[in-house]
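The chain contents come next:
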Amino acid sequence: GEAPEARLALLAGGLAGTATDVILYPIDTVKTRLISGRPLLGSSSLWSGIGVSVMPAIPAAATFFTVYEATKHRTARLTGADPSDTLPSAIAAALAESFSCVVRVPFEQLKMRMQASRRVSLPTLFRQRGMGGGMAQLYRGLAPTLALDLPFALVQLPAFEHLKRRFGADDDAAGGAAGGEATARGE
């Protein structure tokens, strides 16, 4: 039924997101430091802020895949379409990405500040003048993130569903591809 599928999406999405963040974090730190003009210090500094990055990985990825699967099936029932058709998967992708961004963006703001700064503690970040805007400051990147991530999800997930159906992939193969989708989006 849908309850085991939802639990599987929650678990698989959360684990895929966490693994992706941990594996790619040093590369992301180098990118952030190069963009911000900060020097690349030692190899241990490549992990600065990893806690803030991993903290939202489970809820953001789990939110994405749980909302995606539930919305895809509900939309299919309402429209009479197959869940893997373009309409259900596109609507599900848009909603899932939106919900995921609401979870992920505040942590992304904190992570980038920790990667670019020599002061790496969360309390120090909150005391800095730049975080004085409270929650609004933490969601400052939401609109640009949605502008980038929504089109990506709207293309990738319907294509994924189409290819999965075309090549007859079973649910296990689909789960692996979904983990790759989270990796590609940087979750």
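What you are looking at is a predicted structure, and each value in this text was computed from that prediction instead of being measured.

Throughout the structure, instances matching the rule amount to 2 aromatic pairs. Ring geometry for Phe 64 versus Phe 65: centroids 5.0 Å apart, planes at 85°, classification edge-to-face. Summarising the burial analysis for this pair, Phe 64 and Phe 65 share the class buried. Here the aromatic rings of Phe 64 and Tyr 68 are separated by 6.1 Å at their centres, their planes lie at 5°, and the arrangement is stacked.

Turning to the nonpolar core, a few remarks are in order. Ala 9, Phe 64, Phe 65, Val 67, Tyr 68, Ala 92, Ala 93, Ala 96, Ala 153, Leu 157 and Phe 160 form the largest nonpolar core, which has 11 residues in total. Among the secondary structure elements, those contributing two or more residues to this core are α2 (50-79), α3 (86-116) and α6 (142-166). For this core, the element with the most residues is α2, which contributes 4 residues. Contact partners of Ala 9, with chain neighbours within four places excluded, come to Gly 14, Phe 65, Thr 66 and Glu 69.

With that out of the way, let us pick up a nonpolar patch on the surface. A grouping of Leu 87, Ile 91, Leu 95 and Phe 99 is seen on the molecular surface, where their side chains present a nonpolar patch of about 350 Å² in accessible area. On the secondary structure map, Leu 87 appears in helix α3. By relative accessible area, Leu 87 is classed as partly exposed at 47%.

Further remarks concern the packing of α2 against α6. Following both chains from N to C, one finds α2 and α6 inclined at 65°, their axes separated by 13 Å at the closest point. Between α2 and α6 the crossing geometry is right-handed. Between α2, through Phe 64, Tyr 68 and Lys 72, and α6, the contact on the second element is made entirely by Leu 157, Glu 161 and Lys 164. Of the residues belonging to the contact of α2 with α6, the class tally is 3 nonpolar, no polar and 3 charged.

For α2, which comprises 30 residues, the first-to-last C-alpha distance of 42 Å matches the rise-based estimate of 44 Å (1.5 Å per residue) to within 8%. A bend of about 35° at Ala 57 is the largest found in α2, and the proline Pro 59 appears one to four places after it. Gly 80 sits one or two positions beyond α2 and adopts a positive phi of about 80°.

For the rest of this paragraph, the subject is the pattern of salt bridges. This structure, assessed with the given rule, holds 7 salt bridges. Among the ionic pairs, Glu 161 bridges to Lys 72, the shortest N-O distance being 2.9 Å. Separated by 89 residues along the polypeptide, Glu 161 in helix α6 and Lys 72 in helix α2 bring together distant segments of the chain. Using a relative accessible area of 1% as the deciding quantity, one classes Glu 161 as buried. Of the charged contacts in the structure, one is a salt bridge between Glu 97 and Arg 104, with a shortest N-O distance of 3.5 Å. Because the salt bridges share partners, they merge into one network encompassing Glu 69, Lys 72, Glu 161 and Lys 164.

Attention shifts here to the environment of Ala 136. By the element assignment, Ala 136 lies in helix α5 (residues 134-138). Classification of Ala 136 as exposed rests on a relative accessible area of 60%.

Before going further, it helps to spend a moment on the side chain of Ser 84. Positionally, Ser 84 belongs in the loop between α2 and α3. Polar contacts involving the side chain of Ser 84 include one to the side chain of Asp 82, which spans 2.5 Å. Here Arg 165 takes part through its side chain, which lies 2.7 Å from a polar atom of the side chain of Ser 84. In this structure, Ser 84 is in contact with Ser 89, Glu 161, His 162 and Arg 165, ignoring residues within four places of it in sequence.

This next bit is on α6. For α6, built from 25 residues, the straight-helix expectation of 36 Å at 1.5 Å per residue is met to within 8% by its first-to-last C-alpha distance of 35 Å. Trailing α6 by a residue or two, Gly 168 shows a phi angle of about 65°, which is positive.

Cut-offs applied
- Residues numbered from 1 in each chain as written.
- Predicted model: local features only at pLDDT ≥ 70, side-chain atom pairs only at ≥ 80, totals over all residues.
- Heavy atoms only, no water.
- Phe/Tyr/Trp six-rings, centres within 6.5 Å; stacked < 30°, edge-to-face > 60°.
- Buried < 20%, exposed > 50% of the residue type's maximum accessible area, 1.4 Å probe, protein only.
- Core = buried A, V, L, I, M, F, W, Y, C linked by side-chain atoms within 4.5 Å.
- Helix = DSSP H or I, 4+ residues; strand = E, 2+ residues; numbered from the N terminus.
- Contact = heavy atoms within 4.5 Å.
- Patch = residues over 30% accessible without salt bridge, like charges linked within 9 Å, V, L, I, M, F, W, Y side chains within 5 Å.
- Areas by Shrake-Rupley, 256 points an atom, 1.4 Å probe, with all protein chains shown as cover.
- Salt bridge = Lys/Arg side-chain N within 4 Å of Asp/Glu carboxyl O.
- Axes fitted to C-alpha atoms, helices over the stretch in contact; angles between N-to-C directions.
- Left-handed = near helix turned anticlockwise from the far one by under 90°.
- Nonpolar A, V, L, I, M, F, W, Y, C, P; charged D, E, K, R; others polar.
- Expected span 1.5 Å × (residues − 1).
- Bend = angle between axes of the 7 residues up to and from the residue.
- Polar contact = N/O pair within 3.5 Å; in protein donor to acceptor, adjacent residues only side chain to side chain.

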